[in-house]
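Each chain, written out:
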Amino acid sequence: MMEASSCLRYHVCSSGSRMIWLWPFLVLVLQSCSPALSDSALSDSPYLVGMGSYDITGPAADVNMMGYANAEQIASGIHFRLKARAFIVAEPNGKRVVFVNLDACMASQLVTIKVLERLKARYGDLYDENNVAISGIHTHAGPGGYLQYVVYIVTSLGFVRQSFDVIVNGIEQCIVEAHNNLRTGKIYVNKGDLLDAGVNRSPSAYLNNPAEERSKYQYNVDKEMTLIKFVDDELGPVGSFNWFATHGTSMSRTNSLISGDNKGAAARFMEDWAEQNGIPKQGAHATNDGLEFLHRISGLPRRVSSIIPEPNEITDDLVQLASSYEASGGRRLSGSNITKRIRSTQQDKPKFVSAFCQSNCGDVSPNVLGTFCIDTGLPCDFNHSTCNGKNELCYGRGPGYPDEFESTRIIGNRQFLKAVDLFNSASEEIQGRVDYRHTYLDFSQLEVNVPSSTGEQQVVKTCPAAMGFAFAAGTTDGPGAFDFKQGDVKGNPFWRLVRNLLKTPGKEQVDCQAPKPILLDTGEMKEPYDWAPAILPIQIIRIGQLVILCVPGEFTTMAGRRLRDAVKKVLTSDNSGEFNDIHVVLAGLTNTYSQYITTFEEYQIQRYEGASTLYGPHTLSGYIQEFQKLATAMVANKEVPTNFQPPDMLDKQIGLLPGVMFDSTPPGVKFGDVSSDVPASSTFRKGSVVNATFYSACPRNDLLTDGTFALVEKLDGTDNWVPAYDDDDWSLHFIWSRPAKLSPRSFATLEWTIPEDAPSGVYRLRHFGASKPLFGSIKHFTGTSRAFAVR
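These numbers were taken from a predicted model, which means no experiment stands behind them.

Trainee: What is the right way to read the overall build of the protein chain from this model?
Mentor: Along its length, the protein chain carries 18 helices and 37 strands. The proportion of buried residues among the 791 residues of the protein chain is 60%. Once local pairs closer than 6 in sequence are excluded, the contacts in the protein chain between residues at least 24 apart make up 78%. In the form shown here, the protein chain has an accessible surface area of approximately 30400 Å², with 52% of it arising from carbon and sulfur atoms.

The following block contains the structure:
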């Protein structure tokens, strides 16, 4: 700006007779002196917008999955890959914000700390904890071990560095990509109801909220989706992010394939749709062309290489041609770059980024058919979600029951279709300042002002973290074990004795957490290091009339409503009218994780969510109070001081998961050889399943980030095999297994459900992997099945 002002001063201080012709020249002077200033002065768009995404798929073997806390749910393959997706919005020469959406169960405090360190090393003070938000979609089908507190990594045998590193790196890379893509653009916002993608899984607790409050709402879960659409001034639409509340539990606790669950699926479907419809090559508004066909025929769009030719009729000659291609046998590769071929064919096109973000999903289940007893088929007990007193028998049913993959597809598809509708009809342009507020709070001893029974204000405190007996009962999405049940406000002597072996809570803690009977006093358990967080971040991000409340946990439906309403009331009390038309959304599981937040009334019932509200009955009141302070500071344009910093316990982490010792094959067999091949001279119709099994090695040897373990190739001509589908496609599953638990031998099964819109022709399956010898370095390999025809 100093250079710009000097240039300006030089030219304006000329004689008055030259001023008339000088003004047109002034624009050129400003352009040459300060490009950034010229952008803001000349562009009709109020913002710079950048989008980015990157692969964060963790180890597809041996690692416990995060979400259900089921020690037997160990990753063994890939349903489809996980991604980090980011947008950056900046005012030219002004403030900027970053929002990252993770295909992960939740954000991690330690991940956030390390990402911020990397951003500081790369960009200086441009990005920090104040203007960067990292949010998880809450899939329960991603590898665990990336959080730093003991209670969240017990079932993963402690910290898993590989899980942690791939997420940190992926977040950094998607932000770098978004930063490099910053260009002038516009943002639009739209809202609409999606009625059939979530139900309340703890309705008895919801009914304990005041009747007057409940009467203000038509449903006992939030049905509204809020979507923002990003439009590049030159390229057209480049992405969308939306917020909608439903749990990532369409995939059950028995699933072992890495998956983004329903929200990850929805993101895949929308990015595929955008690519197939020519977005972002089109103008500002996309069309529904092809949408009806895609969902009538195949149920979802396909993700396929653009070099695949149009469908052709299968002939006897092609069947004969397919039969001439036998399995290739395993062979060594010089590296893993060959696995990036599908993506490399798309790199000349602008990437459309679509994220389906999580909101106040605490009591919202995607298993919309209801809860039933698996022994009798009858509905579960309403108050406790039990069957003959047992929680283990009560399960929620998704719309594709009993097929969890189909339930995931349906719930993902419903979110996708609503997002497309909102995307195409979005007309309200976002305009106004970019701003943010952030602070850290000690939720183990936060003083909170609440009304007393007489109506006067009284000061209460939150408590050190603790989990109640009903926590161990689980939910209807993933029931617990033993004799625990939801709605338990008493506990039992046996489990109290077991608890006391770990930590006996004192009277003050018991009284503070009441009526929760404490099963695990996690906030006061410090060995070998902290079991639960105490220092938590809260954050408000503003982009014009869109306000995002970033919360480090799972708010229930009514808790989220109260927080949104409280913040909106503060913002709209500003006499300037600047916040009159705001849209307030809640971004759950952001920046760190601290389990659930219920209302005071729901807490009294002690369903799973209340038992998992760590800091006692006044937790929500604490959030509302402190978010109101942030909102007040935003209105007054004042900064918010913080007296706390979260701990960085990376050096204290303990990981007990053994590494890969070595991989082996039977004598005379190479890695990549086929163990069970596609039948010879076979022809398959669309909709049928083709599979082949290969001698393989542990996927932990190389995650093949941004690559693939599985590939479907199509014959183009007589000798040219081109990639068609990979392990990021819905239709292709990569399934890994060992013949015995500690065996160094392993197998990879590629299972392809042929899409209805797959081009007819000759195909084969190809597997990529990496093996670890007893001595020496890791070596990459590949192998193919014999060819087959698809009609």
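So much for the structure itself; the text now carries on.
Trainee: Whenever I open this one, the state of the cysteines confuses me. Can you help?
Mentor: Here a disulfide denotes a covalent bond joining the sulfur atom of one cysteine to the sulfur atom of another. Under the criterion given, the structure shown has three disulfides. A sulfur-sulfur distance of 2.1 Å marks the disulfide that ties Cys373 to Cys387. What sets the handedness of the Cys373 and Cys387 disulfide is the S-S torsion sign, and at about -95 degrees it is left-handed. In this pair, Cys373 sits in strand E15 (residues 370-373) while Cys387 sits in the loop between E15 and strand E16 (394-397), placing the two residues 14 residues apart along the sequence. Summarising the burial analysis for this pair, Cys373 and Cys387 share the class buried. What pairs with Cys380 in a disulfide is Cys394, and their sulfur atoms sit 2.2 Å apart.

Trainee: Even after reading the chapter, I still don't get empty space enclosed by the protein, so can you show me in this structure?
Mentor: The probe, sized like a water molecule, is rolled over the atoms to show the empty space still left. Tallied over the entire structure, the rule returns four cavities of 30 Å³ or more. Taken as a whole, the largest cavity holds about 80 Å³ of empty space. As for the largest cavity, its lining consists of 14 residues, and the residues nearest its centre are Leu82, Ala104, Gly142, Pro143 and Ile167. Mapped onto the lining of the largest cavity, the elements with two or more residues apiece are strand E7 (142-143) and helix H5 (161-180). If one sorts the elements of the lining of the largest cavity by residue count, H5 sits on top with three residues. Residues that form the lining of the largest cavity fall into these classes: nine nonpolar, four polar and one charged. Here the second largest cavity defines a volume of roughly 50 Å³. Lining of the second largest cavity is provided by His384, Ser385, Asn391, Cys394, Ala473, Gly474, Thr475, Thr476, Pro479 and Gln486. Counted by class, the lining of the second largest cavity contains three nonpolar, seven polar and no charged residues.

Trainee: Sorry, what's going on with the sheet that holds E7 here?
Mentor: Adjacent strands of a sheet form backbone hydrogen bonds with each other and so pair up, either parallel or antiparallel. Pairing within the open sheet is antiparallel, and its seven strands lie in the order E7-E2-E3-E33-E34-E30-E28. Whereas interior strands pair on both sides, the edge strands pair on one side only; in this sheet they are E7 and strand E28 (674-676). Here E28 pairs with strand E30 (residues 689-696) via two bridges, running antiparallel. Residue pairing for E30: Ser676 is matched across the bridge by Thr693.

Trainee: Is there a simple way to explain the side chain of Arg564 in this structure?
Mentor: Tracing the chain through its elements places Arg564 in helix H15 (residues 557-572). Using a relative accessible area of 17% as the deciding quantity, one classes Arg564 as buried. With residues up to four places along the chain from it excluded, the contact list for Arg564 reads Asp222, Ser359, Asn360, Leu549, Val584, Val585 and Leu586.

Trainee: What is the right way to look at the UniProt feature "active site" (unreviewed entry) in the protein chain in this model?
Mentor: UniProt annotation of "active site" (unreviewed entry) refers to Ser365 when read in the numbering used here. As for its position among the elements, Ser365 is in strand E14 (residues 364-365). When near neighbours in sequence (up to four residues on either side) are disregarded, Ser365 contacts Ala197, Gly198, Val199, Arg201, Thr246, His247 and Asp477.

Trainee: Even after reading the chapter, I still don't get helix H8 (residues 261-276), so can you show me in this structure?
Mentor: For H8, with 16 residues, the first-to-last C-alpha span of 22 Å sits near the 22 Å given by 1.5 Å per residue. Within H8, 14 of the 16 residues are buried, which leaves it mostly tucked inside the rest of the structure. At the exit of H8 stands Gly278, carrying a positive phi of roughly 85 degrees.

Here is what the cut-offs are and how they apply
- Residues numbered from 1 in each chain as written.
- Predicted model: local features only at pLDDT ≥ 70, side-chain atom pairs only at ≥ 80, totals over all residues.
- Heavy atoms only, no water.
- Helix = DSSP H or I, 4+ residues; strand = E, 2+ residues; numbered from the N terminus.
- Buried < 20%, exposed > 50% of the residue type's maximum accessible area, 1.4 Å probe, protein only.
- Contact = heavy atoms within 4.5 Å.
- Areas by Shrake-Rupley, 256 points an atom, 1.4 Å probe, with all protein chains shown as cover.
- Disulfide = S-S within 2.5 Å.
- 1 Å grid on protein atoms, 1.4 Å probe; cavity = no way out; pocket = protein on both sides within 12 Å on 5 of 7 lines; lining within 4 Å.
- Points joined across faces, edges and corners; volume = space filled by probe spheres on them.
- Nonpolar A, V, L, I, M, F, W, Y, C, P; charged D, E, K, R; others polar.
- Pairing = 2+ DSSP bridges.
- UniProt positions renumbered as here; feature names shortened; annotations may be inferred.
- Expected span 1.5 Å × (residues − 1).

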